[in-house]
Amino acid sequence: MTLSSTSPNVRPITFKPAALVNLPLILVGMFIVVYAVINAAWPSDFVNAGYNQTVSHQDRLTGHDRPADWPADTALPRNSGYELRRVLDGLVYYALIQAVVAVIGLVIYGQRNLYLLLIISGVYGIAYVAGLGVSTVGPLLSAGGFALILWGAVLGWLTSTR
């Protein structure tokens with residue numbers, strides 16, 4: 001399918017049908033991860049945090065995950081490696097942006113190498129949520145979403161040609 005323009009200087013955009021075969025699987029995975037990051041409950045990250053103490057991903061990322069009964073003027077004790085885990089939390093957003101760019105590139109250009117970006121996003125996302133554990137809804141949904149992204153990318157890589 002080709003979209004064309006009436007201007008002779010504009011190159012037509014060509015959509016590659018082979019790239020669109022795995023696109024629904026990848027898009028469903030991306031929507032699941034976006035939903036989990038925006039709406040689902042994520043584990044808190046402080047010393048002796050219980051499984052029932054959950055926060056949004058944005059609160060976890062920014063460090064606003066203090067319990068309700070904790071005094072506001074008292075510092076919250078954090079586990080070692082707290083800053084590193086915040087960086088890893090932020091990289092989830094980068095993985096999602098990378099996946100969006102790769103999908104747009106697949107639709108427009110159909111380059112097989114763009115599946116590698118999706119594979120990297122899927123592998124990182126699964127490793128990230130595996131490190132958190134799937135004890136709360138956010139990591140559980142994200143694991144499923146990133147698995148769909150990874151599965152769609154691997155299928156696309158294996159079924160596409162140069």
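Now for a look at the structure at hand.

Parameters at a glance
- Residues numbered from 1 in each chain as written.
- Predicted model: local features only at pLDDT ≥ 70, side-chain atom pairs only at ≥ 80, totals over all residues.
- Heavy atoms only, no water.
- Helix = DSSP H or I, 4+ residues; strand = E, 2+ residues; numbered from the N terminus.
- Buried < 20%, exposed > 50% of the residue type's maximum accessible area, 1.4 Å probe, protein only.
- Contact = heavy atoms within 4.5 Å.
- Areas by Shrake-Rupley, 256 points an atom, 1.4 Å probe, with all protein chains shown as cover.
- Axes fitted to C-alpha atoms, helices over the stretch in contact; angles between N-to-C directions.
- Parallel < 35°, antiparallel > 145°, perpendicular 65-115°, else oblique.
- Left-handed = near helix turned anticlockwise from the far one by under 90°.
- Nonpolar A, V, L, I, M, F, W, Y, C, P; charged D, E, K, R; others polar.
- Expected span 1.5 Å × (residues − 1).
- Core = buried A, V, L, I, M, F, W, Y, C linked by side-chain atoms within 4.5 Å.
- Polar contact = N/O pair within 3.5 Å; in protein donor to acceptor, adjacent residues only side chain to side chain.

## Considering the overall build of the protein chain
Next, step 1: Of the regular secondary structure elements, the protein chain holds five helices and four strands.
Next, step 2: Reading the secondary structure of the protein chain in the N-to-C direction produces β-β-α-β-β-α-α-α-α.
Next, step 3: Counting over 162 residues, the protein chain shows a buried share of 35%.
Next, step 4: Restricting the contact set of the protein chain to residue pairs at least 6 apart, pairs at least 24 apart contribute 63%.
Next, step 5: For the protein chain, the accessible surface area stands at approximately 9,400 Å², while carbon and sulfur atoms represent 67% of it.

## A short note on the packing of helix H1 (residues 23-39) against helix H5 (residues 137-159)
Next, step 1: As a packed pair, H1 and H5 sit with axes 8 Å apart at the nearest point and diverge in direction by 160 degrees. Taken together, the axis directions place H1 and H5 in an arrangement best described as roughly antiparallel. Here H1 and H5 pass one another in a crossing that is left-handed. Between H1 and H5, the contacting residues are Leu25, Ile26, Val28, Gly29, Met30, Ile32, Val33, Tyr35 and Ala36 on the first element and Gly138, Leu141, Ser142, Gly145, Phe146, Leu148, Ile149, Trp151, Gly152 and Ala153 on the second.

## Considering the packing of helix H3 (residues 82-108) against helix H4 (residues 114-132)
Next, step 1: At a minimum axis distance of 9 Å, the contact between H3 and H4 shows a crossing angle of 155 degrees. Comparing their axes, H4 and H3 come out roughly antiparallel. Note on packing geometry: the crossing formed by H3 with H4 is left-handed. In this structure, H3 contributes Leu88, Asp89, Leu91, Val92, Ala95, Gln98, Ala99, Ala102, Val103, Gly105 and Leu106 to the contact, and H4 contributes Leu114, Tyr115, Leu117, Leu118, Ile120, Ser121, Tyr124 and Tyr128.
Next, step 2: For the contact of H3 with H4, the residue count by class is 15 nonpolar, three polar and one charged.

## Details of H5
Next, step 1: Along its 23 residues, H5 runs 33 Å from first to last C-alpha, staying within 8% of the 33 Å computed at 1.5 Å per residue.
Next, step 2: Where H5 is buried, its residues meet H1, strand E3 (42-43), H3 and H4.

## What about the nonpolar core?
Next, step 1: Grouped together as the largest cluster of nonpolar side chains are 26 residues, with contacts concentrated most on Trp42 and Leu118.
Next, step 2: Counting only elements with at least two residues in this core, the list comes to H1, H3, H4 and H5.
Next, step 3: For this core, the element with the highest residue contribution is H3, accounting for eight residues.

## A few points about the side chain of serine 121
Next, step 1: Within the secondary structure layout, serine 121 lies in helix H4.
Next, step 2: For serine 121, a relative accessible area of 1% gives the class buried.
Next, step 3: There is a polar contact of 3.1 Å between the side chain of serine 121 and the backbone oxygen of alanine 95.
Next, step 4: Those residues in contact with serine 121, other than ones at most four positions away along the chain, are Ala95, Gln98, Ala99 and Phe146.

## Structural notes on the side chain of aspartate 89
Next, step 1: Structurally, aspartate 89 is set in helix H3.
Next, step 2: Overall, aspartate 89 belongs to the buried group, its relative accessible area being 0%.
Next, step 3: Side chain to side chain, aspartate 89 and arginine 86 meet in a polar contact 2.6 Å long.
Next, step 4: Within the local environment of aspartate 89, its side chain forms a polar contact with the side chain of tyrosine 128, the two groups lying 2.3 Å apart.
Next, step 5: Residues within four places of aspartate 89 in sequence aside, it is in contact with His57, Arg60, Leu61 and Tyr128.

## Section: the environment of leucine 117
Next, step 1: Assignment of secondary structure puts leucine 117 in helix H4.
Next, step 2: In this structure leucine 117 comes out as partly exposed when scored by relative accessible area, which is 29%.
Next, step 3: Leucine 117 sits 18 residues away from alanine 99 along the chain, and the two C-alpha atoms are 6.7 Å apart.
Next, step 4: Setting aside anything within four residues of it in sequence, one finds leucine 117 in contact with Gln98 and Ala102.

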